[in-house]
Amino acid sequence: CTASGCRPSFLIIGIGKCGTSSLYYYLAAHPSVIQARRKQIQFFDHAYDASRMERSYLSQFPASLKEGEVTGEASPGYAQYS
C-alpha cells in the first residue's frame, strides 16, 4: 500500500451484462475481500497518466489491508483493451 491507497489485487474484466457485477459482489461477500469505493472505477478507460495513478486510481482502494486481505475492481469497459 502507498499513502494514497493499496494497489488492487485483482481486476475483473468483461463486457456489459456478462456477469462482472455478480462476480464482484460474490467476491466482496468474502470477509477477506475489501471493496473499492466504487465497483467500476474505469481508470484505464481514459488516456493513461502516471501522475493520476497515485492521486486518482489508488485513492479508490482501502488505505491499508490486513495480512490475507485483498481488494480489486470490476470495470467492463476494460475488455476493449485485452
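Everything that follows concerns the structure shown earlier in this document.
What counts, and at which threshold
- Residues numbered from 1 in each chain as written.
- Predicted model: local features only at pLDDT ≥ 70, side-chain atom pairs only at ≥ 80, totals over all residues.
- Heavy atoms only, no water.
- Buried < 20%, exposed > 50% of the residue type's maximum accessible area, 1.4 Å probe, protein only.
- Helix = DSSP H or I, 4+ residues; strand = E, 2+ residues; numbered from the N terminus.
- Pairing = 2+ DSSP bridges.
- Phe/Tyr/Trp six-rings, centres within 6.5 Å; stacked < 30°, edge-to-face > 60°.
- Core = buried A, V, L, I, M, F, W, Y, C linked by side-chain atoms within 4.5 Å.
- Contact = heavy atoms within 4.5 Å.

Chemist: Is there a simple way to explain the pairing of strand S3 (residues 70-74) in this structure?
Modeler: Consecutive side chains of a regular strand alternate in pointing toward one face of the sheet and then the other. For S3, the buried fraction is high: four of the five residues fall into the buried class. As paired strands, strand S1 (residues 10-12) and S3 are joined by three bridges and run parallel to one another. For Phe-10, the partnering residue across the bridge sits in S3 and is Gly-72. Bridge analysis of strand S2 (residues 33-35) against S3 gives three bridges, and the strand direction is parallel. Across the sheet, the residue bridging to Gln-35 is Gly-72, located in S3.

Chemist: Quick question: what am I supposed to make of the packing of aromatic side chains here?
Modeler: Two measures describe an aromatic ring pair: the distance that separates the ring centres and the angle between the ring planes. Within this structure, the stated rule accounts for two aromatic pairs. With a centroid separation of 5.4 Å and an interplanar angle of 80°, the aromatic rings of Tyr-24 and Tyr-25 are classed as edge-to-face. Taking the relative accessible area as the measure of exposure, Tyr-24 reaches 2% and is therefore buried. Residue Tyr-25 is classed as partly exposed on the basis of its relative accessible area, which comes to 46%.

Chemist: Which parts of the structure should I look at to understand the nonpolar core?
Modeler: The tendency in soluble globular proteins is for nonpolar side chains to be buried as a group. Within the largest apolar cluster, twelve residues are counted, these being Phe-10, Ile-12, Tyr-24, Val-33, Ala-36, Ile-41, Phe-43, Met-53, Tyr-57, Leu-58, Phe-61 and Ala-74. At the level of secondary structure, the elements contributing two or more residues to this core comprise S1 and helix H2 (50-57). Look past the residues within four positions of Ala-36 in its chain and what remains in contact with it is Tyr-24, Ile-41, Gln-60, Phe-61, Thr-71 and Gly-72.

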